[in-house]
2 protein chains.
Amino acid sequence: MDSDIILLGHGSGGEMSHQLLEQLIIPILSGSAFSQRNDAAVIDCPTRQLAFSTDSYVVDPIFFPGGNIGDLAINGTVNDLAMRGAIPLAISVALILEEGLAVDDLRRILESMAAAARHAGVDIVTGDTKVVPRGSVDQVFINTSGIGLLNDGVSISGDQACVGDRVLINGTIGDHGMTVLACREELALSTTLETDSMALNHLVADLVATFGGKIHVLRDPTRGGVATTLKEIALQSQVAIQLNESSLPVKPAVSGLSALLGLDPLFVANEGKLLVIVAAEVADEAVALMRRHSVGSDAADIGAIGGDFEAGSLILNTAIGGQRRVEMLSGDLLPRIC
Amino acid sequence: MDSDIILLGHGSGGEMSHQLLEQLIIPILSGSAFSQRNDAAVIDCPTRQLAFSTDSYVVDPIFFPGGNIGDLAINGTVNDLAMRGAIPLAISVALILEEGLAVDDLRRILESMAAAARHAGVDIVTGDTKVVPRGSVDQVFINTSGIGLLNDGVSISGDQACVGDRVLINGTIGDHGMTVLACREELALSTTLETDSMALNHLVADLVATFGGKIHVLRDPTRGGVATTLKEIALQSQVAIQLNESSLPVKPAVSGLSALLGLDPLFVANEGKLLVIVAAEVADEAVALMRRHSVGSDAADIGAIGGDFEAGSLILNTAIGGQRRVEMLSGDLLPRIC
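Residues numbered from 1 in each chain as written. Chains lettered and ligands numbered in written order. Predicted model: local features only at pLDDT ≥ 70, side-chain atom pairs only at ≥ 80, totals over all residues. Heavy atoms only, no water.

*Asks:* Please explain the sheet that holds strand S1 (residues 41–44) of chain B as it appears in this structure.
*Replies:* Where strands meet in a sheet, backbone hydrogen bonds hold them as pairs that are either parallel or antiparallel. Ordered by their spatial adjacency, five strands build an open sheet running S6(A)-S5(A)-S7(A)-S2(A)-S1(B), and the pairing between neighbours is mixed. On the outer flanks of this sheet lie strand S6 (123–132) of chain A together with S1 of chain B, each paired with one strand and no other. Averaged over all adjacent pairs, the angle separating strand axes in this sheet is 20°, with direction ignored. Alignment of strand S5 (residues 87–98) of chain A against strand S7 (residues 140–150) of chain A, held across ten bridges, turns out to be antiparallel. For Leu-97 of chain A, the partnering residue across the bridge sits in S7 of chain A and is Val-140 of chain A. Most of the contacts of helix H2 (residues 69–82) of chain A go to S7 of chain A, to which it runs at about 30°, and overall it touches strand S2 (49–57), S5, S6 and S7 of chain A. (Pairing = 2+ DSSP bridges. Helix = DSSP H or I, 4+ residues; strand = E, 2+ residues; numbered from the N terminus. Axes fitted to C-alpha atoms, helices over the stretch in contact; angles between N-to-C directions. Contact = heavy atoms within 4.5 Å.)

What follows is the structure, encoded as structure tokens:
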């Protein structure tokens with residue numbers, strides 16, 4: 001690269017765009033299909049059903065303990081595909097860069113994306129790069145979209161939760177959101193926290209292979225946290241969900257910081273967690289399976305579907321023995337957390 | 001919608017996000033799969049090969065004569081899929097909204113997207129919405145990604161141009177770029193120009209069905225225009241390409257404005273044009289076919305592959321009988337044109 005910073009010309013489609021693509025983006029991100037340099041990638045599709053997902057990432061700051069906007073963007077879309085029980089196959093990467101962005105920062109982000117894609121076993125097959133004038137975007141926004149393969153007979157969806165099912169989670173809640181919040185300029189708190197951003201597709205593949213149709217719902221509690229996600233599932237499946245506060249795994253640093261800032265970790269974003277709603281008879285075995293994975297070492301059974309409550313309710317059985325109805329927050333707890 | 005403008009809370013994942021989704025976005029954009037409200041959509045895939053493409057749209061201004069950022073985003077990705085000879089099947093829509101955006105503007109954009117998708121015959125199946133604080137993005141950026149079906153035996157790619165082939169285009173060049181430029185605040189020129197933004201998949205399907213393997217390359221000359229796109233193809237296919245200036249269809253308003261501003265329409269973006277590189281024996285017939293489509297009424301044969309030039313060269317045979325080597329521009333002619 002001739003320049004240390006991104007210039008408007010890098011988004012022109014001309015010579016400078018080609019230089020950015022050929023010297024930086026493609027060498028770092030490229031899978032085999034990427035190198036065809038066509039308007040669209042061509043990929044083989046061995047199954048009759050696909051999962052398809054998209055997400056834009058606008059996290060602020062773009063670098064934070066344990067990760068950055070790049071691996072977050074790969075893991076997030078890999079996980080969205082995995083939550084349908086799909087095997088992630090191909091990912092697209094669309095970058096919107098602010099004029100003046102340091103090329104070294106972009107390189108670091110791209111390298112994290114490539115490493116995250118390798119870890120998840122998914123190919124980055126196509127992309128797009130736009131550069132906008134200073135002030136038209138804050139540093140870098142990334143969209144990733146993904147295609148996953150669905151095997152016959154897999155029907156995992158937010159409307160499949162059944163009375164009697166158990167609610168499981170693969171680990172501690174609120175890590176990502178509190179990490180990003182703590183390192184914002186206006187706070188700049190020094191904590192031991194790191195994002196939990198991680199691909200969950202290998203764990204999901206193991207769960208699906210082992211328990212098949214006994215797995216009813218998979219959902220990653222990102223924006224809005226565990227509470228909002230469970231409330232959505234309660235509404236989609238038209239069931240009540242009970243959550244046991246004392247079973248929820250929470251890191252002391254997360255609960256401490258939450259108390260300090262007046263936030264509820266139940267509503268804080270996670271980027272490497274999944275909620276698993278399974279038939280009760282396999283719940284213990286599923287927790288044990290999750291604990292054997294590095295991304296599931298703190299897995300726990302945190303609640304159940306059903307009880308004498310209105311369909312669509314989310315009920316928190318509090319640590320001191322009370323019951324509290326949990327609703328979605330109206331507005332924004334933490335903007336630009338992912 | 002309770003509010004006339006977009007608020008940060010609309011991106012929270014909570015109650016306000018749900019209101020925006022349920023009351024505005026999903027009713028306007030929804031296909032059948034969209035309504036499943038899961039992390040990823042599930043779609044049927046009847047072929048063994050897929051095309052996959054992504055593009056972010058950052059055009060400024062977001063409304064311009066003949067279109068807006070919404071239909072541009074749908075048509076652009078539909079066209080990228082069509083350029084591989086694929087039949088567009090499913091589109092994702094990811095919105096990044098600036099706090100304070102008028103809800104009426106968003107509605108108008110979404111309605112244009114829905115209309116463009118209907119026209120192209122493609123389903124919008126999944127999406128994402130982020131809201132960022134004022135000043136973190138300029139009004140609205142949109143990413144669309146798309147999946148298309150490839151039939152066996154279709155092998156259209158930028159590296160397939162052969163010596164002797166003809167170069168065709170479906171109409172006038174530079175319309176989109178000059179339209180957007182003319183209505184920028186700093187110019188605000190009053191012209192009769194409109195964007196050519198339009199889905200080309202129906203035209204492509206007709207071309208592929210009629211001429212099959214005789215079609216070697218399809219490419220839409222967006223950023224960088226006809227010149228940059230042909231130069232890319234020359235490099236990918238390792239052939240020389242000759243372009244006949246006097247055959248290039250250009251609207252008088254485009255050539256007039258280009259002359260005024262010192263721009264070359266050959267490098268100006270198009271959003272409803274395609275370059276078709278075909279075996280010479282079907283060139284006349286292909287031009288005739290394109291002219292029968294509303295998006296091809298000004299179709300023309302504008303050049304040929306080959307000649308006594310270095311592989312990778314793009315040569316312009318000028319209107320006054322000269323020959324000029326055309327290179328990519330280094331930097332940016334027109335930022336934020338798409």
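Next, the rest of the story.
*Asks:* Can you walk me through the relation of the copies chain A and chain B in this structure?
*Replies:* Between the two chain copies there is a screw-like relation: a rotation about an axis and a shift along it. Note on the identical chains: chain A maps onto chain B by a rotation of 180° and an axial translation of 0.0 Å, with an RMSD of 0.0 Å. Here the transformation between the copies is reduced to the relation of a two-fold axis. Proximity to the rotation axis, assessed at the C-alpha, singles out Val-137 of chain A in chain A; its C-alpha lies 2.1 Å from the axis. Here 100% of the interface residues in chain A have copies in chain B that are interface residues too; the copies meet face to matching face. (Least-squares fit on C-alpha atoms with pLDDT ≥ 70 in both.)

*Asks:* Could you clarify how one ought to interpret the pattern of salt bridges in this entry?
*Replies:* Two side chains with opposite charge may pair up if their charged atoms get near one another. Taken as a whole and assessed by the stated rule, the structure comprises 23 salt bridges over all chains. A salt bridge links Asp-55 of chain A to Lys-130 of chain B; the nearest nitrogen and oxygen atoms lie 3.3 Å apart. Separated into two different chains, Asp-55 of chain A in strand S2 and Lys-130 of chain B in strand S6 (residues 123–132) make up a pair that spans both. This pair shows no difference in class: Asp-55 of chain A is buried, exactly as Lys-130 of chain B is. In this structure, Glu-327 of chain A and Lys-231 of chain A form a salt bridge, with 3.2 Å as the shortest nitrogen-oxygen distance. Here Lys-231 of chain A lies in helix H6 (residues 225–237) and Glu-327 of chain A lies in the segment after strand S14 (323–325), a separation of 96 residues in the sequence. Using a relative accessible area of 10% as the deciding quantity, one classes Lys-231 of chain A as buried. One network of salt bridges, with partners in common, ties together Asp-55 and Arg-223 of chain A together with Asp-128 and Lys-130 of chain B. (Salt bridge = Lys/Arg side-chain N within 4 Å of Asp/Glu carboxyl O. Buried < 20%, exposed > 50% of the residue type's maximum accessible area, 1.4 Å probe, protein only.)

*Asks:* What exactly am I supposed to notice about the state of the cysteines here?
*Replies:* One covalent bond between the sulfur atoms of two cysteine residues makes up a disulfide. Residues and elements named next belong to chain B. Applying the stated rule across the entire model yields zero disulfides over all chains. Free of any disulfide, Cys-183 has its nearest neighbouring cysteine sulfur in Cys-338, separated by 14 Å. Residue Cys-183 is classed as partly exposed on the basis of its relative accessible area of 26%. (Disulfide = S-S within 2.5 Å.)

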